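Read off the chains here:
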Protein chains: 2
Amino acid sequence: MKDSVNIGLLGLGTVGTGVVNVLTANAHEISQKTGVPVNIKKILVRNLNKVRNIAAGAVLTTNADDILNDNDIDIIVEVMGGEQPAKDYMLRALNAGKNVVTANKDVVAKFGRELFSAAEANHVDFMFEASVGGGIPIIRPLKQCLAANKLSEVMGIVNGTTNYMLTKMTNEKLDYETVLAEAQAKGYAEADPTADVGGFDAARKIAILASIAFNARVSLEDVDVEGITNISPVDIEYARELGYVIKLLAIAKESEACGINARVHPAFIPLNHPLAAVGDVFNAIFVRGDAVGETMFYGRGAGALPTASAVAGDIVDVARNLRHNVNGRILCTCFDQKPFCPVENTSSSYYVRLLVEDQPGVLAAIAGAFGAHNVSLNSVIQKRKVNNCAELVLITYHVSDANIRKALTTIKDMSVLTTVQNVIRVEAQQID
Amino acid sequence: MKDSVNIGLLGLGTVGTGVVNVLTANAHEISQKTGVPVNIKKILVRNLNKVRNIAAGAVLTTNADDILNDNDIDIIVEVMGGEQPAKDYMLRALNAGKNVVTANKDVVAKFGRELFSAAEANHVDFMFEASVGGGIPIIRPLKQCLAANKLSEVMGIVNGTTNYMLTKMTNEKLDYETVLAEAQAKGYAEADPTADVGGFDAARKIAILASIAFNARVSLEDVDVEGITNISPVDIEYARELGYVIKLLAIAKESEACGINARVHPAFIPLNHPLAAVGDVFNAIFVRGDAVGETMFYGRGAGALPTASAVAGDIVDVARNLRHNVNGRILCTCFDQKPFCPVENTSSSYYVRLLVEDQPGVLAAIAGAFGAHNVSLNSVIQKRKVNNCAELVLITYHVSDANIRKALTTIKDMSVLTTVQNVIRVEAQQID
């Protein structure tokens, strides 16, 4: 039985510093829960001379080998981010018989299978609670608490930057460029904001969640991705009038008829849906299962301490396992080969905003084009004049993605159409 | 390494039937996750002749010894409810080296320490995820995912019956008696509704949550309990006007200065608090930690299948442990002896509704009595005439419970006072 657990920390940026601070501040409680002291033995940094606001004790090094080759280190905690060299370091650690805890969604979403296999072969733990939803407990609840459910849907607000931006656009009626500039000034958005506003960060997270929820392997390339760059204040205002709010959703659904569909896109959600009230940088993940019904997990999806909370929770688990020499038990549950449902075969309601010529018979012509492709209209609002054109806002009934695409292709060729301003899905399934 | 896991089920009521159905419907996925088939071998029932809507396979018996003395049974699943004989059966099972999974909040809240000790001594698992919040994952997230946090607050809507009633009173402006009768007609409330409306069900649950959150031992008798029987439509309407909603909250807080305080009472919560939107029979538990910040867990707090989801999740965990022969690792974390903070030493804002004589100088006299006991008033509204009396609605600033009690004692003796209609705490701490 081990009498202490040693950690090698890869990275001492925002999250790494948070991990050091949490393990230091709560060392007493953590050692009581694990039964052994948990020490940070070595930390990989880029610059040895930088002044750092952390408690002393660990050795800093710029050489990963000092950590990966240290036989006294039991757990490698990877918080450097990015694909490489993080992935190679983790793989080397697993193959050296070390347990790995990571916050790295990029690596888990892309190389998860390889890392799981290495962990399994070496009878060590590979844990990644912090890779999705920051401090929100979601990986372990899916893998353990909800393990007896057949899950049909995981739907979340999993990117804090875009949720902050959309909340700001909604509450203060600002446009996209203004809120992006503000998010960048506050440090919520990167100088190149593509990963966030383009939906790719959310796509990596839903790939991870879908893999666990459906016991399958879902990778980034299996996710259809659309970001928030096309959302205008007008769309948000129409959503509000119709009883909805616009959120960037990461959605994974499995149906017996079609298989797994995973996608990220802005969506109208009803104001009474639990996700509708999730504002600012908060994240939330909504899960539907055959036994549990609907459940939701809410909290801070990013930030040094919330992410460190999840990393340190994993460390506690690995340390408990080390103490009892039982690492490597709960590994990949991605045992099923499942078909993917092409987005064309999915269905939902749609919000469509069009600019058309302002003359008699146009509405009938547009409605006729939708009808010809089996797209029924739930409501049509003709609101404003824009540059001498009429603005039409349509909400369809539940229709297939293929049919709405065909209808829009037809409409785009019609002489009465000026532009298709926006097309946004309506995720209307209510809580029972 | 075991090649199958056998369950003895104690009880085949609503939850027991749910457990059988979940384990049967999802048997394939569960055996893949645990690595072994999970069989229900025997079921304790009261009446062998009752017609039952479950899949066949298990032997029914009315004799608990048939199950507790069966050496082939690895896990006892207790879903009979009530204190006895459930507690004795579980204790016998643990002492016989069997793992125990239970949904029984009464027993866990009252006899948790004894059962944990027995589990520890016998190196077996004792799991109770279903005892709080039905299908909502909360016990395991607190014990594992948030294990590295110092938690300062757990606050939840943990009783579906009263939440249904208060939601109905709020949305439909109905009175207590009407919604109670309706809840009873729907089967949400018992013929004797005391356990729910009196707050005792919620008190048991917060005792369990507080024990885990604060690594201490909090029992039912440590919880101050007040139910919803005094809540009138008028209070709900004033709450709405002031920007609040009334919920029955189960609250546990720990402060370094005073210790642990656990209580159940109706409270005003701001409309923008995440708990404010939790309606009907849904439950939610809000947790605040030094690293994670604020997090919330939402879902169905009762019902056959949601509760069975939690029970079956525990069964999956125990079965995984059995397969690797590593049961009995994560047990009671109630290692700390901590002081309790008497309710008089706690503080909050208060809503106070008084009927007073409708004459000049009365408001000044009442305000003076509050001031004499260091109770500052944030706002005073004089709204209605009731039977020739004036109704005063006061919201205090943050004051100690002791001071508001003293002020009210003084006021009750004043000749201008007709009655103190209600006093309700305001849980106003905002999300940062």
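Residues numbered from 1 in each chain as written. Chains lettered and ligands numbered in written order. Predicted model: local features only at pLDDT ≥ 70, side-chain atom pairs only at ≥ 80, totals over all residues. Heavy atoms only, no water.

Draft legend 1. Representation of the state of the cysteines. Within the structure shown, the criterion is met by two disulfides over all chains. With a sulfur-sulfur separation of 1.9 Å, Cys258 of chain B is cross-linked through a disulfide to Cys341 of chain B. Handedness of the Cys258 of chain B-Cys341 of chain B disulfide follows from its S-S torsion of about 90°: it is right-handed. Linking Cys258 of chain B in the loop between strand 9 (244–255) and strand 10 (259–270) with Cys341 of chain B in the loop between helix 12 (304–324) and strand 13 (347–357), this pair joins segments that are 83 residues apart in sequence. Cys145 of chain B provides the cysteine sulfur closest to Cys145 of chain A, a residue in no disulfide bond, and the two sulfurs are 7.2 Å apart. Look at Cys145 of chain A and you get buried, because its relative accessible area is 3%. (Disulfide = S-S within 2.5 Å. Helix = DSSP H or I, 4+ residues; strand = E, 2+ residues; numbered from the N terminus. Buried < 20%, exposed > 50% of the residue type's maximum accessible area, 1.4 Å probe, protein only.)

Draft legend 2. Structural detail: the relation of the copies chain B and chain A. When chain B is fitted to chain A, the best match, at an RMSD of 0.0 Å, comes from turning it 180° and sliding it 0.0 Å along the axis. As the rotation angle and translation indicate, the two copies are arranged about a two-fold axis. Closest approach to the rotation axis within chain B is made by the C-alpha atom of Phe297 of chain B, at a distance of 2.4 Å. Taken as a fraction of all interface residues of chain B, those also at the interface in chain A reach 100%, which identifies the copy contact as same-surface. (Least-squares fit on C-alpha atoms with pLDDT ≥ 70 in both. Contact = heavy atoms within 4.5 Å.)

Draft legend 3. Seen up close, unusual backbone geometry. That bond from Gln84 of chain A to Pro85 of chain A is cis: its omega, 5°, falls within 30 degrees of zero. Here Pro85 of chain A lies in the loop between strand 4 (75–78) and helix 4 (86–95). You will see that His123 of chain B, though not glycine, has its phi angle at about 55°, which is positive. Tracing the backbone shows His123 of chain B in the loop between helix 5 (105–121) and strand 6 (126–127). At Asn387 of chain B, a position not held by glycine, the phi torsion is positive, near 50°. Judged by relative accessible area, Asn387 of chain B falls into the exposed class, the value being 70%.

Draft legend 4. Broad picture of the sheet that holds strand 1 (residues 5–10) of chain A. All names here are of chain A. Strands sit in the order 3-2-1-4-5-6 across an open sheet of six strands; the sheet is parallel. The open sheet has two free edges, formed respectively by strand 3 (59–61) and strand 6 (126–127), since each of these has just one partner strand. Pairing analysis gives six bridges linking strand 1 to strand 2 (residues 38–44), with the strands arranged parallel. Bridge assignment links Leu9 to a residue of strand 2, and that residue is Ile43. Here helix 4 sits on the sheet and contacts strand 1, strand 2, strand 4, strand 5 (99–102) and strand 6; the angle it forms with strand 5, its principal contact strand, is near 155°. (Pairing = 2+ DSSP bridges. Axes fitted to C-alpha atoms, helices over the stretch in contact; angles between N-to-C directions.)

Draft legend 5. How the structure looks around the packing of aromatic side chains. Here the structure, examined in full by the defined rule, presents 15 aromatic pairs over all chains. Each ring, one from Phe282 of chain A and one from Tyr298 of chain A, has its centre 5.0 Å from the other, and the planes form 5°; the classification is stacked. Here Phe282 of chain A is found in strand 11 (residues 282–289), whereas its partner Tyr298 of chain A is found in strand 12 (residues 293–300), with 16 residues between them in sequence. Assessed through its relative accessible area of 6%, Phe282 of chain A is described here as buried. When its relative accessible area of 7% is taken as the criterion, Tyr298 of chain A is described as buried. Ring geometry for Phe126 of chain B against Phe128 of chain B: centres 5.8 Å apart, planes inclined by 35°, an arrangement best described as tilted. As far as burial versus exposure is concerned, Phe126 of chain B and Phe128 of chain B are alike and both buried. An aromatic cluster is built from Phe116, Phe126 and Phe128 of chain A, whose rings are joined through pairwise contacts. Over the ring of Phe111 of chain A we find Lys87 of chain A; its NZ or CZ atom is 4.6 Å from the centre of that ring. (Phe/Tyr/Trp six-rings, centres within 6.5 Å; stacked < 30°, edge-to-face > 60°. Lys NZ or Arg CZ within 6 Å of the ring centre and 35° of its normal.)

Draft legend 6. Region of interest: the sheet that holds strand 1 (residues 5–10) of chain B. All names here are of chain B. One open sheet accounts for six strands, arranged 3-2-1-4-5-6; its pairing is parallel. The open sheet has two edge strands, strand 3 (59–61) and strand 6, and neither has a second partner. The pairing of strand 5 (residues 99–102) with strand 6 spans two bridges and is classified as parallel. Residue pairing across strands places Val100 opposite Phe126, the latter belonging to strand 6. In this fold helix 1 (residues 14–25) packs onto strand 1 and strand 2 (38–44), with an angle of close to 160° to the strand it touches most, strand 1.

Draft legend 7. Expanded view of the interface of chain B and chain A. In this complex, chain B contributes 52 residues to the contact, which on the side of chain A involves 52 residues. Seen at the junction of chain B and chain A, the total is three salt bridges. A salt bridge links Arg300 of chain A to Glu294 of chain B, with the nearest nitrogen and oxygen atoms 2.9 Å apart. Between the two partners, chain B and chain A, sit 20 residue pairs in polar contact (both at pLDDT 80 or more). If you list the elements that add at least two residues to the side of chain B that touches chain A, you get helix 1, helix 2 (27–34), helix 6 (139–145), strand 12 (293–300) and helix 12 of chain B. Among the elements that line the side of chain B that touches chain A, the one with the most residues is helix 12 of chain B, at ten residues. Across the side of chain B that touches chain A, the residue classes tally to 24 nonpolar, 14 polar and 14 charged. Of the pairings in the sheet, the one linking strand 12 of chain A to strand 12 of chain B comprises five bridges and is antiparallel in character. Note on strand 12 of chain B: the bridge partner recorded for Thr295 of chain A is Gly299 of chain B. (Salt bridge = Lys/Arg side-chain N within 4 Å of Asp/Glu carboxyl O. Polar contact = N/O pair within 3.5 Å; in protein donor to acceptor, adjacent residues only side chain to side chain. Nonpolar A, V, L, I, M, F, W, Y, C, P; charged D, E, K, R; others polar.)

Draft legend 8. Expanded view of the side chain of Asp106 of chain B. Mapping Asp106 of chain B onto the fold places it in helix 5. Under the relative-accessibility criterion, Asp106 of chain B is labelled buried at 19%.

Draft legend 9. Highlighting the environment of Asp290 of chain B. Residue position: Asp290 of chain B is located in the loop between strand 11 (282–289) and strand 12. Relative accessible area serves as the criterion here: at 40%, Asp290 of chain B is assigned to the partly exposed category. Considered as a pair, Asp290 of chain B and Gly259 of chain B are 31 residues apart in the sequence and their alpha carbons are 16 Å apart. Side chain to side chain, Asp290 of chain B and Asn26 of chain A meet in a polar contact 3.1 Å long. Among the polar contacts listed, one links the side chain of Asp290 of chain B to the backbone nitrogen of Lys150 of chain B, at a separation of 2.8 Å.

Draft legend 10. Quick look at the UniProt feature "binding site: NADP(+)" (unreviewed entry) in chain A. All names here are of chain A. The positions UniProt marks with the feature "binding site: NADP(+)" (unreviewed entry) are Leu10, Gly11, Leu12, Gly13, Thr14, Val15, Gly16 and Thr17. Structurally, Leu12 can be placed in the loop between strand 1 and helix 1 (14–25). By relative accessible area, Leu12 is classed as buried at 9%. In this view, Leu12 contacts Thr17, Val20, Ile43, Leu44, Val45, Arg52, Ile54 and Leu60; residues no more than four positions away in its chain are not counted. Mapping Val15 onto the fold places it in helix 1. Those residues in contact with Val15 that lie beyond four places of it in its chain are Val79, Thr307 and Ala308. (UniProt positions renumbered as here; feature names shortened; annotations may be inferred.)

Draft legend 11. Spatial organisation of the pairing of strand 5 of chain A. Residues and elements named next belong to chain A. Here strand 5 shows no split at all, with Asn99 and Val101 on one side and Val100 and Thr102 on the other all buried. Bridging between strand 4 and strand 5 involves four bridges; their strand directions are parallel. Counterpart to Ile75 in the pairing with strand 5 is Asn99. In this view, the connection linking strand 4 to its parallel neighbour strand 5 by way of helix 4 has right-handed handedness. For the crossover that starts at strand 5, traverses helix 5 (residues 105–121) and ends in the parallel strand 6, the hand is right-handed. (Right-handed = clockwise from strand over helix to strand, strands pointing away.)

Draft legend 12. Structural detail: the pattern of salt bridges. Residue and element names in this part refer to chain A. Per the counting criterion, the structure on display carries 61 salt bridges over all chains. Two residues, Arg204 and Asp106, come together in a salt bridge whose shortest N-O distance is 3.9 Å. You can see Arg204 sitting in helix 10 (residues 200–213) and its partner Asp106 sitting in helix 5, a full 98 residues away along the chain. Grouping residues by exposure puts Arg204 and Asp106 together as buried. For the salt bridge of Arg353 with Glu391, the shortest nitrogen-to-oxygen distance reads 2.9 Å. Of this pair, Arg353 sits in strand 13 (residues 347–357) while Glu391 sits in strand 15 (residues 389–396); the two residues are 38 residues apart in sequence, bridging distant segments of the chain. Neither Arg353 nor Glu391 differs from the other in exposure class; each is buried. When salt bridges that share partners are traced, they join Lys105, Asp106, Asp201, Arg204 and Lys205 into one network.

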